[in-house]
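Close look at the chain arrangement
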Amino acid sequence: MTFSINRRGFMAGGVSLLTLSAMGAPAFAADSRLRLIWWGSQPRADRTNKVSELYKAKNSGVAITGEFLGWGDYWPRLATQVAGKNAPDVIQMDYRYIVEYAGRGALAPLESYMPSKLNLSDFDQAQVEGGSVNGHLYGVSLGANSAATVLNTTAFQEAGIDLPTQATTWEEFGKMAAELTKAGKRKGMFGMADGSGNEPLFENYLRQRGKALYTADGKIAFGVEEASEWFDMWNKFRDAGACVPADVQALDKNDVDTNTVTLGKSASGYAHSNQFVAYQQMNKDKLALSNYMRITKDSKGGHYRKPSMFFSVSAQSKAIEQAVDYVNFFVTNPEAAALLDVERGIPESKAMRDVVATKLDAVGKIPLEYVGGLGDLAGKLPPPPPSGAGEGTDVLRNISEQIGFAQLTPADGGKQLVDEITRILARG
Amino acid sequence: MNNAMRATADPAVTVEHNPRAVADSRWRRIWNANAPGYFFLLPWLIGFFGLTLGPAVISLYLSFTDFDMIRSAEWVGAANYVRIATADPKFAAAMKVTLTYVVLSVPFKLAFALLVAMALNKGVRGLPVYRAIFYLPSLLGGSVAIAVLWRQLFAGDGLVNAALAHFGIAGPSWISHPSYSIYTLVALSVWQFGSPMIIFLAGLRQIPTDMYEAASLDGASKFRQFYKITLPLLTPVIFFNAVVQTIDAFKAFTPAFIISGGTGGPINSTLFYTLYLYQEAFGNFRMGYASALAWILVLIIAIFTAFSFLTSRYWVHYDD
């Protein structure tokens, strides 16, 4: 048996393939084609896709495809796409990663499109700044939120304990939580979640003491003393039964589904305000939002309004102008705002905020009022965390677990935290 | 054929004086005979070169660079390997977890698989059904659903502790306590004993029954029969299973990823080697460093496998 493809046959086949592909091409040709990617759940995808439909209806000849993944799968996918020179045109970006991506030249600077193409004039200017790295705008904030305490008001009522107020200190709250645990109205429920490994909470504590996690030039901005005292405070809460034990806290994967409040293991926990609607959906009891506790009665608040997430435009995009136009539409069109609601946080544009405010239900109003009512508790937005900050988050959690499981003292833990973060930042 | 014919027709160049022509015709013959084979192999060849060998070679190159997936890679020499060897406490932690897992899960899994295979070999009625049922966990082995199920079983208020509570024992939260979490993963691995069991079953069928008959006539106890007949004759199968399962155990990823939520926690107690590799590559954008970690793993598996083969001559008996 012989087998061969001669040259003529090969050429003929090749030509017919070429012809086929040439014939196929016009079917895909739209004037421009945008690809979007974001993380989040199905409800967010539905809202986003509706905005895309609306945009297509108003801009004929634009084809839009969107894909979404969960937070954990999102970053590997995005990194792979960027490495493969196949990044989507519009990318949802987080405060934690914007420096990594912008610094590596993966995102397009947007300031040259302002204000003609990208009009952020009625945005809170501090929030616009939040999307800047080294003086260039790399991300347009999709909403504001702030870290918050989630309270299960039903559980507090059952135990006959008043809810904390804006003036409550950590010491007082620790006592209240311990009482709630002792009241024992619900089996296995503690007063509060163990927040010792929770970075936003730790940051808030540092800011109340006039420190921060990182400096603007990417160095560590707190010392062993603060860190040790922080861990020591939580050890006391654990000993008093105010917060859940370490092995319960370890189940928390840092999302709404596995949080100790959602699982009914604690009457209070730590979240971000834009997650409130999801928290309430998953909990039969009535929930409320409050600020993080104060260290002393007169200590300054450590909160700040944070861009919940950004839209960035890929530097590899072949349709940057179109992508910028889409982002502009997303944050400044009233119909789009009505579709998006506060699911990504409270709109940054004042006009859009007014559009949304009239449509919100009671649960949706709670985060809006919470962020609006922070008053003197809200300070300046810290600079975007430096490259390597993601690892810092893991280190904090790891050390807080070692202390929780009594493998490390608070004093040693504080020292180790400062050492390791310093080492990580040096490595970059 | 063509070349050879043309060569003889040309008076100036004969076949004998042109060895290249001979070689050409030989290659052509081989090509004509084997081309269909290669053609049918083509999908596999493309897959092997494109998806296995190619990426492997690239990752070897990347392991000597500082590739972060976005900027272009820069050559850093052996820096990544030096760092693994001298300045990476997490590498040591991951290695410890992985070795603990291999050392515990492989022997227990094989022992359990052999036990069940011997029970099934007794000629149970409905053997195919049992075989299928016992094999099922292996098929589902790497799946996310099973890992999620395991999370539910071994949580503080999970089924395992509910069962223990009947005996008045208050169990800890197995999966979220650093002293126990690795053992729940070992248990999960042992439970997935199906594939070595099927192979043991096939091996047991090969042992001639008249050997057992002769032994029992001589008054050998069941235990002695197992020890003197079953085990020695089964050594080639045990060897095969041990090598395959050891390699698998080194590469374990999914259960730890799901059960710890990708963190390897609490306190790095489930930080499997591959999980750490994944974190470095995709969490911290250090693809170059992760590639170096991957090659170290290849090396470790190779050493283990070579060691198994070298020692096998002292304990594996081939029937010849």
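None of these values were measured; they are calculated from a predicted model.

Residues and elements named next belong to chain A. With respect to the secondary-structure elements, Gln 92 resides in strand S3 (residues 90–93). Gln 92 gets classed as buried once you look at its relative accessible area, which sits at 0%. Reaching out from Gln 92, the side chain makes a polar contact with the side chain of Arg 344 at a distance of 3.0 Å. Excluding residues that lie within four positions of it along the chain, Gln 92 makes contacts with Ile 37, Trp 38, Trp 39, Arg 44, Tyr 74, Trp 75, Met 309, Phe 310, Phe 311 and Arg 344.

Below, the discussion takes up the interface of chain A and chain B. Across the boundary between the two partners, chain A contributes 29 residues, which contact 33 residues of chain B. Taken together, both faces of the contact between chain A and chain B bury some 2,800 Å²; the carbon and sulfur share is 58%. Our count for the chain A to chain B interface comes out at two salt bridges. A salt bridge links Glu 391 of chain A to Arg 286 of chain B; the shortest N-O distance between them is 2.8 Å. Listed by contribution, the elements that provide at least two residues to the side of chain A that touches chain B are helix H3 (71–83), helix H4 (98–103), helix H16 (389–404) and helix H17 (410–427) of chain A. Of the residues that constitute the side of chain A that touches chain B, the class distribution is twelve nonpolar, eight polar and nine charged.

On inspection of all chains with the given rule, the structure shows 43 aromatic pairs over all chains. When the centroid spacing of 6.1 Å and the interplanar angle of 70° are considered together, the rings of Tyr 270 of chain A and Tyr 292 of chain A count as edge-to-face. Of this pair, Tyr 270 of chain A sits in strand S9 (residues 268–272) while Tyr 292 of chain A sits in the loop between strand S10 (287–290) and strand S11 (303–304), and the two are 22 residues apart along the sequence. For Tyr 270 of chain A, a relative accessible area of 8% translates into the label buried. Ring centres 6.4 Å apart and planes at 25° place the aromatic pair Tyr 130 of chain B and Phe 134 of chain B in the stacked group. Of the two residues, Tyr 130 of chain B and Phe 134 of chain B are both situated in helix H5 (residues 127–140); the distance of four residues between them amounts to about one turn of the helix.

A cluster of nonpolar side chains, namely Trp 31, Tyr 38, Leu 41 and Trp 44 of chain B, defines an oily patch on the protein surface of about 480 Å² accessible area. Position of Leu 41 of chain B relative to the elements: it lies in helix H2 (residues 19–62).

Packed helices, taken two at a time, are described by the angle between their axes plus the distance between the axes. All names here are of chain A. Contact geometry for helix H9 (residues 224–239) and H17: axes closest at 7 Å, N-to-C directions at 135°. By the angle class used here, H9 and H17 are oblique. The two elements H9 and H17 cross, and the hand of that crossing is right-handed. On H17, the residues that touch Val 224, Ala 227, Ser 228, Phe 231, Asp 232 and Asn 235 of H9 are Pro 410, Ala 411, Gly 413, Gly 414, Lys 415, Leu 417 and Val 418. Classifying every residue of the contact of H9 with H17 by side-chain character gives seven nonpolar, four polar and two charged.

Attention now moves to the packing of H5 of chain B against helix H9 (residues 194–206) of chain B. Residue and element names in this part refer to chain B. In the contact formed by H5 and H9, the axes pass within 7 Å of each other and the chain directions differ by 145°. Between H5, through Leu 127, Arg 131, Phe 134, Tyr 135 and Ser 138, and H9, the contact on the second element is made entirely by Gly 194, Ser 195, Met 197, Ile 198, Leu 201 and Arg 205. Classifying every residue of the contact of H5 with H9 gives six nonpolar, three polar and two charged.

The next point concerns the sheet that holds strand S1 (residues 32–39) of chain A. Residue and element names in this part refer to chain A. Strands sit in the order S2-S1-S3-S13-S6 across an open sheet of five strands; the sheet is mixed. The open sheet terminates on both sides in strands that have one partner only, identified here as strand S2 (62–69) and strand S6 (140–141). Where S1 and S3 come together, two bridges link them in parallel fashion. Note that in S3 the partner of Ile 37 across the bridge is Ile 91. Across the sheet, helix H2 (residues 42–58) lies against S1, S2 and S3, angled at about 170° from S2, the strand it touches most.

This part takes up unusual backbone geometry. Residue Met 114 of chain A is joined to Pro 115 of chain A through a cis peptide bond whose omega torsion reads -5°. Its location among the elements puts Pro 115 of chain A in the loop between H4 and helix H5 (125–129). Even without being a glycine, Lys 85 of chain A presents a positive backbone phi close to 55°. Assignment of secondary structure puts Lys 85 of chain A in the loop between H3 and S3. When its relative accessible area of 62% is taken as the criterion, Lys 85 of chain A is described as exposed. A positive phi angle, near 60°, is found at Asn 268 of chain B, a position not held by glycine.

What follows covers the nonpolar core. Core analysis: the biggest nonpolar cluster contains 120 residues, and Leu 78, Met 93, Tyr 101 and Tyr 326 of chain A together with Phe 200 and Phe 272 of chain B have the highest contact counts within it. Counting residues per element, this core draws most heavily on helix H4 (residues 89–121) of chain B, at 13 residues. If near-sequence neighbours (up to four positions away) are discounted, Met 93 of chain A is found in contact with Trp 39, Trp 75, Leu 78, Ile 98, Tyr 101, Leu 107, Met 309, Phe 310 and Ser 312 of chain A. Judged by nonpolar contacts, the second largest core, of 45 residues, contains Ile 161, Ala 193, Leu 213 and Val 395 of chain A.

The next subject is the environment of Tyr 130 of chain B. Residue and element names in this part refer to chain B. For Tyr 130, a relative accessible area of 38% gives the class partly exposed. Taking the C-alpha atoms as reference points, Tyr 130 and Ile 198, separated by 68 residues in sequence, lie 11 Å from one another. Apart from the residues lying within four places of it in its own chain, the contact partners of Tyr 130 are Leu 120, Val 124 and Arg 125.

With that settled, consider the confidence of the model for chain B. Residue and element names in this part refer to chain B. Of all residues in chain B, 92% have pLDDT values of 70 or greater, and the mean over the chain is 84. Mean pLDDT per element in chain B: helix H1 (residues 2–9) is the minimum at 47, and helix H14 (residues 287–315) is the maximum at 93. Every residue in residues 1–9 scores below 50 in pLDDT, and together they form seven contacts with partners more than four places removed in sequence or on other chains. A low-confidence stretch, residues 11–15 stays under pLDDT 50, and its non-local contacts, those more than four residues away or across chains, total seven contacts. At the level of chain-chain contacts, confidence expressed as ipTM amounts to 0.76, with global pTM at 0.81.

What follows covers the environment of Pro 88 of chain A. All names here are of chain A. Following the sequence through the fold, Pro 88 ends up in the loop between H3 and S3. Judged by relative accessible area, which is 0%, Pro 88 ranks as buried. In this structure, the C-alpha to C-alpha distance between Pro 88 and Arg 35, residues 53 residues apart in sequence, is 4.9 Å.

To continue, consider the pairing of strand S8 (residues 147–152) of chain A. All names here are of chain A. When you tally the buried positions in S8, you get six out of six residues, the bulk of the element. Neither face of S8 is open: one carries Ala 147, Thr 149 and Leu 151, the other Ala 148, Val 150 and Asn 152, and all of them are buried. The sheet contact formed by S8 and S9 spans five bridges and is antiparallel. Paired with Thr 149 across the bridge in S9 is Tyr 270. Pairing of S8 with S10 involves four bridges; the strand directions are antiparallel. Each residue of the ladder has a partner; that of Val 150, found in S10, is Leu 289.

Now for the domain arrangement of chain A. Residue and element names in this part refer to chain A. On domain assignment, one finds that chain A holds domain 1 (32–143 + 307–365) and domain 2 (147–302 + 386–426). In this complex, domain 1 contributes eleven residues to the contact, which on the side of domain 2 involves eight residues. For the pair domain 1 and domain 2, the summed buried area comes to about 660 Å², and 57% of that belongs to carbon and sulfur atoms. The tally of links from domain 1 across to domain 2 stands at zero salt bridges. At the junction of domain 1 and domain 2, the tally comes to one residue pair in polar contact (both at pLDDT 80 or more). At the level of elements, H4 and helix H15 (362–372) are the ones that each hand at least two residues to the side of domain 1 that touches domain 2. Of the residues in the side of domain 1 that touches domain 2, the class split is three nonpolar, three polar and five charged.

Quick notes on the rules
Residue indices begin from 1 for each chain and proceed along its sequence in written order. Lettering for chains starts from A, numbering for ligands starts from 1, and both go in the order in which the items are written. Only residues with pLDDT of 70 or above have their local features reported here, since the model is predicted, and side-chain atom pairs are shown and tallied only from 80 upward, although totals for entire chains, interfaces and linings are computed over all residues. Working from all heavy atoms in the structure, the side-chain values ignore hydrogens and water. Only runs of H or I of at least four residues qualify as helices and only runs of E of at least two qualify as strands under DSSP, and these elements are numbered from the N terminus. Only protein chains enter the accessibility calculation, which uses a 1.4 Å probe; a residue is then buried when its area is under 20% of its type maximum, exposed when over 50%, and partly exposed in between. Under this definition, polar contacts are N or O atom pairs within 3.5 Å; protein pairs additionally need one hydrogen-donor-capable and one acceptor-capable atom, and for neighbouring residues in sequence, both atoms have to be side-chain atoms. Should any heavy atoms of two residues lie within 4.5 Å, those residues are counted as being in contact. What gets called buried area is simply the loss in accessible area from a 1.4 Å probe that two parts show on being joined, summed for both. When a carboxyl oxygen of Asp or Glu lies within 4 Å of a side-chain nitrogen of Lys or Arg, that pair is called a salt bridge. Residues were grouped as follows: Ala, Val, Leu, Ile, Met, Phe, Trp, Tyr, Cys and Pro as nonpolar; Asp, Glu, Lys and Arg as charged; and all remaining residues, including Gly, as polar. Pairing of aromatic rings covers Phe, Tyr and Trp, the last counted by its six-membered ring, and requires centre-to-centre distances within 6.5 Å; plane angles under 30 degrees mean stacked, over 60 mean edge-to-face, and any other angle means tilted. The patches reported here contain residues having more than 30% relative accessible area and no salt bridge. Joining distances are 9 Å for like charges and 5 Å for nonpolar side chains (Val, Leu, Ile, Met, Phe, Trp, Tyr). Computed by Shrake-Rupley with a 1.4 Å probe, the accessible areas treat only the displayed protein chains as cover when residues are assessed. Lines fitted to the C-alpha atoms define the axes, with helices restricted to the stretch that makes contact. Angles between their N-to-C directions range from 0 to 180 degrees. Just so you know how the angles are binned, under 35 degrees is roughly parallel, over 145 roughly antiparallel, 65 to 115 roughly perpendicular, and the rest oblique. We call a crossing left-handed when the near helix sits turned anticlockwise from the far one by less than a right angle, and right-handed when that turn is clockwise. A pair of strands is treated as paired once DSSP finds two or more bridges between them. Take the buried residues of types Ala, Val, Leu, Ile, Met, Phe, Trp, Tyr and Cys, join any two whose side-chain atoms come within 4.5 Å, and each joined set is a nonpolar core. The predictor attaches a confidence to each residue, and that confidence, scored 0 to 100, is pLDDT. Those domain boundaries reflect an automatic or database domain assignment.

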